[in-house]
Amino acid sequence: MIQKEASYYISLRQDYVECKLCPHNCYLMPSRLGLCGVRSNRDGKLYLINYGKISHIEKKSLMELPLSPEFKGKDALFIGSIGCNLKCPFCLHWQASQVGVPTRGMMPDAVVEKALAEECGWIAFTYNEPTIGLEFVLDVARLCKEKKLSVAVHTNGFLNPTPFAELVKNIDILLVDIKSWNSEFYQVECGGSKEIILKNIASAYKNIHLEISYLVIEGVNDQEEGMSELGEWIAGLSPEVPLHLIKFQPSFRYANHKETSPVCLYQLQRVVHHYLKNVFVAGV
Ligand code: SF4
């Protein structure tokens, strides 16, 4: 398996390194892994240890991401790896993102060849957090350009500005999850920052096809006031930006939490429709 030297890090004294890919900016002594579990300090160099490690790969409708109806009828090769830089206790793909699942090795050229062989016009990065393996995503995306394939990335948006801009420049669809409108919830429950993620979204929306998804967990992040503010904020970018309200199913540390009711989802759809033209309910 390839141990690819990472981009976006700085070397420090005594073989320490500082990863500059995401806002955690992990400061790592030799032999230590970053919080995402996939970037490792080996003798003073930072390596990406999930490069070419594929946990999921299958052909599906691109609309399963979810995306707006303009993408109906398009097939994509969905791929995932392992690891995440957030720790959301309600993650729907927690096995791949938080715990680790079996993987197989596949280099970017093999991924692109498989997409072509299966007559997919798209490659969709999802399941775990793709951006913590940004070097792999970019290598695949560059090959896709040569072969006239398009790339969609489903991300938590928690990256530093320079790598985030590099991602946006090289892909075709950016689907960003917003976990909550409550900043404290973001920090305590997910280990992220709403403000940083919103800043990234705002920096990107003019340069790429942007859609936003929101996993609605009843009694946790479904407050109408917050959803109103979210709708208003997105409308400040453009009322055309699609927002997907996703039904929560019990998962991971929220395994005993009830699934979100259609009544709750459709009520929130009405709330954000005051601001946005394209609000979709998914998973019901
Ligand atoms: S990408 Fe991983 S190693 Fe780098 S700063 Fe973020 S959590 Fe730390």
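Quantities reported herein were computed from a predicted structural model and do not represent experimental measurements.

**Concerning the site of the ligand**
Okay, so step 1: Surveying the vicinity of the ligand reveals the residues Cys 19, Leu 21, Cys 22, His 24, Asn 25, Cys 26, Gly 34, Leu 35, Cys 36 and Arg 39.
Okay, so step 2: Here the residues of the shell around the ligand are counted per class, giving six nonpolar, three polar and one charged.

**Side note on the sheet that holds strand β1 (residues 4-5)**
Okay, so step 1: The three strands lie next to each other as β1-β6-β5, forming an open sheet whose pairing is antiparallel. The sheet terminates laterally at β1 and β5 (39-42), the two strands that pair on one side only.
Okay, so step 2: Where β1 and strand β6 (residues 45-48) come together, two bridges link them in antiparallel fashion. Bridge pairing links Lys 4 to Leu 48 in β6.

**Looking at helix α3 (residues 134-146)**
Okay, so step 1: In this model, α3 (13 residues) spans 19 Å end to end at C-alpha, consistent with the 18 Å of a helix rising 1.5 Å per residue.
Okay, so step 2: Considered for burial, the residues of α3 that qualify are Leu 134, Glu 135, Phe 136, Val 137, Leu 138, Asp 139, Val 140, Ala 141 and Cys 144.
Okay, so step 3: The positive-phi residue at the C-terminal boundary of α3 is Lys 148, with phi of around 60°.

**Quick notes on the environment of Phe 158**
Okay, so step 1: Note that Phe 158 resides in the loop between β12 (150-155) and α4 (161-170).
Okay, so step 2: Owing to a relative accessible area of 4%, Phe 158 belongs among the buried residues under this scheme.
Okay, so step 3: Separated by 20 residues in sequence, Phe 158 and Ile 178 place their C-alpha atoms 10 Å apart.
Okay, so step 4: Among all residues touching Phe 158, those that are not within four sequence positions of it are Cys 22, Pro 23, His 24, Asn 85, Leu 86, Gly 191, Gly 192, Ser 193, Ile 196 and Ile 197.

**Remarks on a nonpolar patch on the surface**
Okay, so step 1: Side chains of Ile 10, Leu 12 and Tyr 27 sit close together on the surface and give an oily, nonpolar patch of about 280 Å² of accessible area.
Okay, so step 2: Locating Ile 10 in the fold gives a position in strand β2 (residues 9-11).

**Thoughts on the pairing of strand β13 (residues 173-177)**
Okay, so step 1: Among the five residues of β13, five are classified as buried, and the element is accordingly described as predominantly covered.
Okay, so step 2: The pairing of β12 with β13 spans four bridges and is classified as parallel. Within the sheet, the bridge partner assigned to Val 153 lies in β13 and is Leu 174.
Okay, so step 3: Viewed along the sheet, the connection from β12 through α4 into β13 turns out right-handed.
Okay, so step 4: Of the strand pairs in this sheet, β13 and strand β14 (residues 209-216) are connected by five bridges, and their pairing is parallel. Bridge pairing in β14 links Ile 173 to His 209.

**Remarks on helix α5 (residues 183-190)**
Okay, so step 1: Of the positions making up α5, those classed as buried are Phe 185, Tyr 186 and Cys 190. Along the axis of α5, the buried residues cluster in a sector spanning 100°; they form a single face. Exposed and oriented more than 90 degrees from the buried face of α5 are Glu 184 and Gln 187.
Okay, so step 2: Residue Asn 182 occupies the N-cap position of α5, its side-chain oxygen lying 2.9 Å from the main-chain nitrogen of Glu 184.

**Quick notes on the packing of aromatic side chains**
Okay, so step 1: Counted under the stated rule, the structure contains seven aromatic pairs.
Okay, so step 2: Aromatic pair Tyr 51 and Phe 136: ring centres 5.1 Å apart, planes at 90°, arrangement edge-to-face. You can see Tyr 51 sitting in the loop between β6 and β7 (53-54) and its partner Phe 136 sitting in helix α3, a full 85 residues away along the chain.
Okay, so step 3: Plain terms: the ring middles of Phe 71 and Trp 122 are 5.9 Å apart, the flat faces sit at 80° to each other, and that makes the pair edge-to-face. One end of the pair, Phe 71, is in the loop between β8 (56-61) and β9 (75-80); the other, Trp 122, is in strand β11 (residues 122-125), and 51 residues separate them in sequence.
Okay, so step 4: Take Phe 71: its relative accessible area is 7%, and that puts it in the buried class.
Okay, so step 5: In textbook terms, an aromatic cluster arises when at least three aromatic residues are bridged by ring pairs, as seen for Phe 90, Phe 185, Phe 248 and Tyr 254.

**Quick look at the environment of Arg 104**
Okay, so step 1: Topologically, Arg 104 is positioned in strand β10 (residues 104-105).
Okay, so step 2: Residue classification places Arg 104 among the partly exposed positions, given a relative accessible area of 45%.
Okay, so step 3: Linking Arg 104 and Phe 125, residues 21 residues apart in sequence, is a C-alpha distance of 16 Å.
Okay, so step 4: Discounting chain neighbours no more than four positions away, the residues touching Arg 104 are Gly 52, Lys 53, Ile 54 and Ile 57.

What counts as what
- Along each chain, residues carry numbers from 1 onward, in the same order as the chain's sequence is written.
- Per-residue local features of the predicted model are confined to residues with pLDDT of at least 70, and side-chain atom pairs are confined, for both listing and counting, to 80 or more; whole-chain, interface and lining totals are unaffected and use all residues.
- Remark: hydrogens and water are excluded; side-chain values derive from all non-hydrogen atoms of the structure.
- Throughout, near means a residue has at least one heavy atom within 4 Å of the molecule or strand.
- Three classes are used: nonpolar for Ala, Val, Leu, Ile, Met, Phe, Trp, Tyr, Cys and Pro, charged for Asp, Glu, Lys and Arg, and polar for all others, with Gly counted as polar.
- When DSSP finds two or more bridges between a pair of strands, those strands are recorded as paired.
- Only DSSP runs of H or I covering at least 4 residues are called helices, and only runs of E covering at least 2 are called strands; the numbering of each starts at the N terminus.
- Helix span, as expected, comes to 1.5 Å for every residue beyond the first.
- For every residue, the accessible area (1.4 Å probe, protein chains only) is compared with the maximum for its type, and the residue is labelled buried under 20%, exposed over 50%, or partly exposed between those bounds.
- Any two residues whose heavy atoms approach within 4.5 Å are treated as being in contact.
- To count toward a patch, a residue needs a relative accessible area over 30% and no salt bridge; like charges are then connected within 9 Å, while nonpolar side chains (Val, Leu, Ile, Met, Phe, Trp, Tyr) are connected within 5 Å.
- Only the protein chains shown count as cover for residues, with accessible areas throughout obtained via the Shrake-Rupley method and a probe of 1.4 Å.
- Salt-bridge detection follows one rule: a side-chain nitrogen of Lys or Arg within 4 Å of a carboxyl oxygen of Asp or Glu.
- Handedness of a crossover is defined as follows: with both strands directed away from the viewer, a clockwise route from the first strand across the helix to the second makes it right-handed.
- It is the directions from the helix axis to the C-beta atoms whose arc is reported.
- Here a polar contact is taken to be a pair of N or O atoms separated by no more than 3.5 Å, where protein atoms must pair a possible hydrogen donor with a possible acceptor and residues adjacent in sequence count only if both atoms sit in side chains.
- To pair, rings of Phe, Tyr and Trp, with the six-membered ring standing in for Trp, must have centres within 6.5 Å; the planes then decide the type, stacked if under 30 degrees apart, edge-to-face if over 60, and tilted in the middle.

Just geometry here; none of it tells us what the structure is for.
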